2 protein chains.
Amino acid sequence: MSNESPQIISLKGFLTFQILHELTKAKLCGDELADIIGSKKGSKLTPGTIYPALKFLRKKKLVKHKKIGRKKIYTITEKGTKECEIVRKNFLKIFKTVLKTSKK
Amino acid sequence: MSNESPQIISLKGFLTFQILHELTKAKLCGDELADIIGSKKGSKLTPGTIYPALKFLRKKKLVKHKKIGRKKIYTITEKGTKECEIVRKNFLKIFKTVLKTSKK
DNA sequence: TCCAATATATAGTGTATACAATATATATAT
DNA sequence: ATATATATATTGTATACACTATATATTGGA
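This report concerns the structure included in the present document. No experiment lies behind these values; they were computed from the predicted model shown.

Take the overall build of chain A next. When you go through chain A residue by residue, the secondary structure sums to four helices and three strands. Secondary structure elements in chain A, listed N-terminal to C-terminal, are α-β-α-α-β-β-α. Projected onto the principal axes, the alpha-carbon positions of chain A cover approximately 45 × 35 × 25 Å. When each of the 104 residues of chain A is scored for burial, the buried share is 38%. In chain A, of all internal contacts separated by at least 6 residues, the share reaching a separation of at least 24 is 45%. Each charge sign in chain A was given a centre, from 26 positive and 8 negative side chains, and these centres are 5 Å apart.

A surface patch of positive charge is lined by Lys55(A), Lys59(A), Lys60(A), Lys61(A) and Lys79(A). Classification of Lys61(A) as exposed rests on a relative accessible area of 57%.

Let us now look at the side chain of His21(A). Residues and elements named next belong to chain A. Looking at the secondary structure, you find His21 in helix 1 (residues 15-25). When its relative accessible area of 1% is taken as the criterion, His21 is described as buried. Of note is the side chain of His21, whose polar atom sits 3.3 Å from the side chain of Arg88.

This next bit is on unusual backbone geometry. All names here are of chain A. Even without a glycine there, the phi angle at Phe14 is positive, about 65°. Among the secondary structure elements, Phe14 is positioned in the segment before helix 1. Assessed through its relative accessible area of 5%, Phe14 is described here as buried.

Conventions we followed
- Residues numbered from 1 in each chain as written.
- Chains lettered and ligands numbered in written order.
- Predicted model: local features only at pLDDT ≥ 70, side-chain atom pairs only at ≥ 80, totals over all residues.
- Heavy atoms only, no water.
- Helix = DSSP H or I, 4+ residues; strand = E, 2+ residues; numbered from the N terminus.
- Buried < 20%, exposed > 50% of the residue type's maximum accessible area, 1.4 Å probe, protein only.
- Contact = heavy atoms within 4.5 Å.
- Lys, Arg positive; Asp, Glu negative; His and termini not counted.
- Charge placed at Lys NZ, Arg CZ, Asp CG, Glu CD.
- Patch = residues over 30% accessible without salt bridge, like charges linked within 9 Å, V, L, I, M, F, W, Y side chains within 5 Å.
- Areas by Shrake-Rupley, 256 points an atom, 1.4 Å probe, with all protein chains shown as cover.
- Salt bridge = Lys/Arg side-chain N within 4 Å of Asp/Glu carboxyl O.
- Polar contact = N/O pair within 3.5 Å; in protein donor to acceptor, adjacent residues only side chain to side chain.

See below:
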(Lines give C-alpha, C1' and ligand atoms only; values in the text may rest on other atoms or scores of the structure.)
Protein backbone atom coordinates (compact mmCIF):
# COMPACT_ATOMS: atom_id res chain seq x y z
CA MET A 1 0.00 0.00 0.00
CA SER A 2 2.14 2.73 -1.27
CA ASN A 3 5.20 2.29 0.89
CA GLU A 4 6.56 4.76 -1.63
CA SER A 5 8.86 6.72 0.64
CA PRO A 6 9.81 9.13 -2.10
CA GLN A 7 13.32 9.65 -0.97
CA ILE A 8 15.18 8.67 2.16
CA ILE A 9 17.80 11.38 2.16
CA SER A 10 16.51 14.93 2.45
CA LEU A 11 17.90 17.92 0.62
CA LYS A 12 17.13 20.43 3.31
CA GLY A 13 19.62 23.21 3.55
CA PHE A 14 21.26 26.27 2.13
CA LEU A 15 18.05 28.27 2.00
CA THR A 16 19.65 31.60 2.82
CA PHE A 17 22.27 30.95 0.16
CA GLN A 18 19.54 30.20 -2.37
CA ILE A 19 17.71 33.40 -1.48
CA LEU A 20 20.85 35.49 -1.87
CA HIS A 21 21.56 33.76 -5.16
CA GLU A 22 18.09 34.55 -6.53
CA LEU A 23 18.45 38.15 -5.44
CA THR A 24 21.64 38.50 -7.46
CA LYS A 25 19.44 37.88 -10.50
CA ALA A 26 16.28 39.84 -9.70
CA LYS A 27 14.50 41.98 -7.14
CA LEU A 28 11.78 39.90 -5.55
CA CYS A 29 9.33 39.92 -2.68
CA GLY A 30 9.06 37.11 -0.13
CA ASP A 31 6.14 35.46 -1.80
CA GLU A 32 7.89 35.40 -5.17
CA LEU A 33 11.00 33.89 -3.58
CA ALA A 34 8.81 31.22 -2.02
CA ASP A 35 7.49 30.43 -5.51
CA ILE A 36 10.83 30.41 -7.32
CA ILE A 37 12.82 28.45 -4.77
CA GLY A 38 9.87 26.16 -4.11
CA SER A 39 9.44 25.32 -7.77
CA LYS A 40 12.95 23.88 -7.88
CA LYS A 41 12.22 21.45 -5.11
CA GLY A 42 8.67 20.63 -6.15
CA SER A 43 6.49 22.63 -3.78
CA LYS A 44 6.18 26.27 -2.80
CA LEU A 45 7.96 27.27 0.37
CA THR A 46 5.58 28.01 3.21
CA PRO A 47 5.54 31.40 4.96
CA GLY A 48 7.04 29.74 8.04
CA THR A 49 10.05 28.88 5.93
CA ILE A 50 10.68 31.93 3.80
CA TYR A 51 9.98 34.79 6.21
CA PRO A 52 12.25 33.76 9.07
CA ALA A 53 15.02 33.28 6.50
CA LEU A 54 14.47 36.79 5.14
CA LYS A 55 14.43 38.16 8.66
CA PHE A 56 17.82 36.59 9.30
CA LEU A 57 19.25 38.03 6.09
CA ARG A 58 17.89 41.47 6.94
CA LYS A 59 19.39 41.32 10.42
CA LYS A 60 22.78 40.45 8.89
CA LYS A 61 22.38 43.31 6.40
CA LEU A 62 22.81 40.97 3.44
CA VAL A 63 19.51 42.14 1.95
CA LYS A 64 17.37 45.23 2.21
CA HIS A 65 13.83 45.97 1.12
CA LYS A 66 11.51 48.68 -0.04
CA LYS A 67 7.80 48.60 0.65
CA ILE A 68 5.68 48.74 -2.48
CA GLY A 69 2.01 48.43 -1.60
CA ARG A 70 1.70 45.38 0.59
CA LYS A 71 4.86 43.84 -0.80
CA LYS A 72 8.39 44.16 0.45
CA ILE A 73 10.68 44.12 -2.55
CA TYR A 74 14.03 42.68 -1.56
CA THR A 75 17.39 43.70 -2.95
CA ILE A 76 20.78 42.23 -2.20
CA THR A 77 23.21 44.62 -0.48
CA GLU A 78 26.86 45.05 -1.35
CA LYS A 79 27.73 43.03 1.73
CA GLY A 80 25.28 40.36 0.56
CA THR A 81 26.86 40.23 -2.88
CA LYS A 82 30.30 39.65 -1.39
CA GLU A 83 28.94 37.04 0.98
CA CYS A 84 27.20 35.25 -1.85
CA GLU A 85 30.41 35.03 -3.86
CA ILE A 86 32.35 33.61 -0.93
CA VAL A 87 29.67 31.07 -0.15
CA ARG A 88 29.36 30.08 -3.80
CA LYS A 89 33.08 29.42 -3.94
CA ASN A 90 32.91 27.16 -0.88
CA PHE A 91 29.79 25.49 -2.16
CA LEU A 92 31.51 24.60 -5.42
CA LYS A 93 34.53 23.28 -3.59
CA ILE A 94 32.33 20.93 -1.62
CA PHE A 95 30.02 19.78 -4.41
CA LYS A 96 32.17 20.06 -7.51
CA THR A 97 32.53 16.31 -7.95
CA VAL A 98 28.84 15.73 -7.34
CA LEU A 99 28.09 18.02 -10.24
CA LYS A 100 30.64 16.62 -12.59
CA THR A 101 29.18 13.16 -12.20
CA SER A 102 26.89 13.72 -15.13
CA LYS A 103 24.56 10.79 -15.61
CA LYS A 104 24.23 9.87 -19.25
CA MET B 1 41.87 44.72 12.49
CA SER B 2 40.85 41.59 10.70
CA ASN B 3 37.09 41.96 10.84
CA GLU B 4 37.33 38.77 8.85
CA SER B 5 34.13 37.09 9.99
CA PRO B 6 34.78 34.02 7.90
CA GLN B 7 31.31 33.57 6.55
CA ILE B 8 27.86 34.46 7.80
CA ILE B 9 25.93 31.80 5.93
CA SER B 10 26.71 28.23 6.87
CA LEU B 11 26.95 25.35 4.45
CA LYS B 12 25.69 22.73 6.84
CA GLY B 13 23.85 19.92 5.19
CA PHE B 14 23.69 17.03 2.82
CA LEU B 15 26.21 14.96 4.74
CA THR B 16 24.55 11.62 4.08
CA PHE B 17 24.32 12.49 0.41
CA GLN B 18 28.02 13.35 0.36
CA ILE B 19 28.88 10.05 2.01
CA LEU B 20 26.83 8.09 -0.51
CA HIS B 21 28.42 10.04 -3.32
CA GLU B 22 31.95 9.26 -2.12
CA LEU B 23 31.05 5.59 -1.80
CA THR B 24 30.00 5.49 -5.45
CA LYS B 25 33.64 6.25 -6.23
CA ALA B 26 35.53 4.15 -3.68
CA LYS B 27 35.22 1.79 -0.75
CA LEU B 28 36.14 3.70 2.38
CA CYS B 29 36.11 3.40 6.14
CA GLY B 30 34.59 6.02 8.45
CA ASP B 31 37.85 7.74 9.20
CA GLU B 32 38.73 8.06 5.53
CA LEU B 33 35.31 9.54 4.81
CA ALA B 34 35.86 12.04 7.63
CA ASP B 35 39.11 13.04 5.93
CA ILE B 36 37.79 13.29 2.39
CA ILE B 37 34.56 15.11 3.14
CA GLY B 38 36.28 17.24 5.75
CA SER B 39 39.00 18.34 3.37
CA LYS B 40 36.41 19.88 1.08
CA LYS B 41 35.04 22.10 3.80
CA GLY B 42 38.37 22.86 5.41
CA SER B 43 38.50 20.66 8.51
CA LYS B 44 38.20 16.95 9.17
CA LEU B 45 34.81 15.75 10.31
CA THR B 46 34.77 14.72 13.95
CA PRO B 47 33.72 11.21 15.06
CA GLY B 48 30.56 12.67 16.51
CA THR B 49 29.60 13.80 13.04
CA ILE B 50 30.62 10.95 10.77
CA TYR B 51 29.65 7.88 12.79
CA PRO B 52 26.04 8.78 13.53
CA ALA B 53 25.62 9.53 9.81
CA LEU B 54 27.04 6.12 8.88
CA LYS B 55 24.79 4.50 11.45
CA PHE B 56 21.78 6.13 9.81
CA LEU B 57 22.85 4.96 6.34
CA ARG B 58 23.38 1.41 7.63
CA LYS B 59 19.96 1.39 9.25
CA LYS B 60 18.41 2.48 5.95
CA LYS B 61 20.42 -0.22 4.13
CA LEU B 62 21.97 2.31 1.80
CA VAL B 63 25.46 1.16 2.76
CA LYS B 64 26.97 -2.02 4.16
CA HIS B 65 30.38 -2.78 5.63
CA LYS B 66 32.94 -5.51 6.10
CA LYS B 67 35.27 -5.55 9.08
CA ILE B 68 38.92 -5.56 8.08
CA GLY B 69 41.06 -5.42 11.20
CA ARG B 70 39.97 -2.40 13.17
CA LYS B 71 38.39 -0.79 10.17
CA LYS B 72 34.91 -1.10 8.78
CA ILE B 73 35.12 -0.81 5.06
CA TYR B 74 31.92 0.69 3.69
CA THR B 75 30.30 -0.14 0.38
CA ILE B 76 27.23 1.38 -1.17
CA THR B 77 24.35 -1.05 -1.66
CA GLU B 78 22.18 -1.33 -4.74
CA LYS B 79 19.46 0.50 -2.87
CA GLY B 80 22.01 3.16 -1.97
CA THR B 81 23.07 3.56 -5.56
CA LYS B 82 19.50 4.13 -6.69
CA GLU B 83 18.89 6.55 -3.84
CA CYS B 84 22.05 8.46 -4.70
CA GLU B 85 20.98 8.88 -8.31
CA ILE B 86 17.55 10.19 -7.34
CA VAL B 87 19.00 12.62 -4.83
CA ARG B 88 21.66 13.79 -7.29
CA LYS B 89 18.99 14.53 -9.84
CA ASN B 90 17.02 16.62 -7.35
CA PHE B 91 20.17 18.30 -6.13
CA LEU B 92 21.05 19.39 -9.64
CA LYS B 93 17.54 20.67 -10.23
CA ILE B 94 17.83 22.89 -7.18
CA PHE B 95 21.39 24.13 -7.62
CA LYS B 96 21.85 24.08 -11.38
CA THR B 97 21.77 27.85 -11.74
CA VAL B 98 24.06 28.35 -8.77
CA LEU B 99 26.64 26.25 -10.52
CA LYS B 100 26.30 27.82 -13.91
CA THR B 101 27.09 31.21 -12.43
CA SER B 102 30.78 30.63 -12.97
CA LYS B 103 32.88 33.44 -11.57
CA LYS B 104 35.71 34.33 -13.84
C1' DT C 1 -17.20 50.79 4.31
C1' DC C 2 -16.17 46.43 4.87
C1' DC C 3 -14.82 41.93 3.12
C1' DA C 4 -11.75 38.77 0.73
C1' DA C 5 -7.40 38.04 -1.07
C1' DT C 6 -2.62 38.81 -0.73
C1' DA C 7 1.56 39.17 1.69
C1' DT C 8 3.98 39.07 5.72
C1' DA C 9 5.10 37.31 10.28
C1' DT C 10 5.52 34.39 14.60
C1' DA C 11 5.16 30.08 17.56
C1' DG C 12 6.09 25.56 18.23
C1' DT C 13 8.08 21.24 16.73
C1' DG C 14 11.18 17.93 14.59
C1' DT C 15 15.30 16.50 12.04
C1' DA C 16 19.98 16.63 10.33
C1' DT C 17 24.15 18.28 10.88
C1' DA C 18 28.32 19.44 13.75
C1' DC C 19 31.04 20.08 17.64
C1' DA C 20 33.71 18.58 22.10
C1' DA C 21 34.42 15.15 25.32
C1' DT C 22 34.69 10.58 26.52
C1' DA C 23 35.10 5.67 25.91
C1' DT C 24 36.39 1.30 23.79
C1' DA C 25 38.65 -1.89 20.69
C1' DT C 26 42.34 -3.21 17.63
C1' DA C 27 46.87 -3.05 15.38
C1' DT C 28 51.55 -1.98 15.24
C1' DA C 29 55.94 -0.85 17.02
C1' DT C 30 59.19 -1.45 20.49
C1' DA D 1 53.89 -7.85 26.49
C1' DT D 2 52.80 -3.58 26.55
C1' DA D 3 52.48 1.21 25.08
C1' DT D 4 50.98 4.12 21.43
C1' DA D 5 48.40 5.25 17.58
C1' DT D 6 44.36 4.30 14.94
C1' DA D 7 39.51 3.60 14.23
C1' DT D 8 35.05 3.27 15.88
C1' DA D 9 31.31 4.73 18.83
C1' DT D 10 28.32 7.36 22.18
C1' DT D 11 26.75 11.35 24.92
C1' DG D 12 25.51 15.94 25.37
C1' DT D 13 24.97 20.40 23.42
C1' DA D 14 24.01 23.67 19.84
C1' DT D 15 22.38 25.39 15.41
C1' DA D 16 20.08 25.75 10.84
C1' DC D 17 16.24 24.39 8.21
C1' DA D 18 11.66 23.46 7.22
C1' DC D 19 7.22 22.19 8.43
C1' DT D 20 2.25 23.15 10.40
C1' DA D 21 -0.61 26.21 12.51
C1' DT D 22 -1.86 30.57 13.67
C1' DA D 23 -1.81 35.56 13.50
C1' DT D 24 -1.37 40.24 11.53
C1' DA D 25 -1.39 43.82 8.07
C1' DT D 26 -2.61 45.84 3.80
C1' DT D 27 -4.84 46.35 -0.53
C1' DG D 28 -8.41 46.40 -3.78
C1' DG D 29 -12.96 45.60 -4.99
C1' DA D 30 -18.09 44.93 -4.01
